[in-house]
Amino acid sequence: MSDINVRKEHGLGLATARKVAMKWAEHAEKKLDVECTMLEGDTSDTLEFKRAGVTGQMIVAADHFEITAKLGFLFKAFASQFEAETRKQLDEAVAKAEAKVKKA
């Protein structure tokens, strides 16, 4: 069982969702020292991420994102804060992308 589980429904479509995921990955690599690898598929992608004490993945689909992560011993005590921050960042990224799509 994962320590962090975040699911976010959206109406972005796969192409735009990929862009959102790549921005998230860039941010994670720069700010959180996370190594990210994107595995593209026909109907969804898997963004794998890891760093000392954290491993996880983000499923990127046409209608949702799903993030799961396992935390190492030292991070487990902060799981609820990590999950809340992850949810907040994903909500903001999706809202921004959806607003941009509506403008176009």
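All of these numbers come straight from a predicted model, not from anything done at the bench. (Residues numbered from 1 in each chain as written. Predicted model: local features only at pLDDT ≥ 70, side-chain atom pairs only at ≥ 80, totals over all residues. Heavy atoms only, no water.)

Details of the side chain of His64
Then, number 1: Tracing the sequence through the fold places His64 in strand S5 (residues 64-71).
Then, number 2: Separated by 3.3 Å, the side chains of His64 and Arg7 make a polar contact.
Then, number 3: Not counting residues within four places of it along the chain, the set of residues in contact with His64 comprises Arg7, Lys8, Glu9, His10 and Ile59. (Helix = DSSP H or I, 4+ residues; strand = E, 2+ residues; numbered from the N terminus. Polar contact = N/O pair within 3.5 Å; in protein donor to acceptor, adjacent residues only side chain to side chain. Contact = heavy atoms within 4.5 Å.)

A closer look at the pattern of salt bridges
Then, number 1: Following the criterion strictly, the structure yields six salt bridges and no others.
Then, number 2: Each of Arg7, Glu9 and Glu66 takes part in a single network of salt bridges with overlapping partners. (Salt bridge = Lys/Arg side-chain N within 4 Å of Asp/Glu carboxyl O.)

A look at the side chain of Asp45
Then, number 1: Considering the arrangement of structural elements, one finds Asp45 in strand S3 (residues 44-51).
Then, number 2: Judged by its relative accessible area of 1%, Asp45 is buried.
Then, number 3: Engagement of the side chain of Asp45 in a polar contact is seen with the side chain of Arg18, the distance being 2.5 Å. (Buried < 20%, exposed > 50% of the residue type's maximum accessible area, 1.4 Å probe, protein only.)

So, the packing of aromatic side chains
The description of two aromatic rings rests on the distance between their centres and on the angle between their planes.
Then, number 1: Tallied over the full model, the rule gives three aromatic pairs.
Then, number 2: Summarising the aromatic geometry, the rings of Phe78 and Phe82 are spaced 6.3 Å apart at their centres and angled 50 degrees between planes, so their arrangement reads as tilted.
Then, number 3: The exposure class assigned to Phe78 is partly exposed, which follows from its relative accessible area of 43%. (Phe/Tyr/Trp six-rings, centres within 6.5 Å; stacked < 30°, edge-to-face > 60°.)

Things to note about helix H1 (residues 13-32)
Then, number 1: Under the 1.5 Å per step criterion, the end-to-end length of H1 is 27 Å for 20 residues, consistent within 8% with the ideal 28 Å.
Then, number 2: Along H1, the residues that are buried comprise Leu14, Ala17, Val20, Ala21, Trp24, Ala25 and Ala28. For H1, the buried positions fall inside an angular range of 145 degrees around the axis, keeping them on one side. Facing away from the buried side of H1 by more than 90 degrees, the exposed set consists of Ala15, Lys19, Lys23 and Lys30.
Then, number 3: Contact partners of the buried residues in H1: strand S2 (35-39), S3, strand S4 (54-61), S5 and helix H3 (79-103).
Then, number 4: Directly after H1, the chain includes Asp33, whose backbone phi takes a positive value near 55 degrees. (Expected span 1.5 Å × (residues − 1). Arc of directions from axis to C-beta.)

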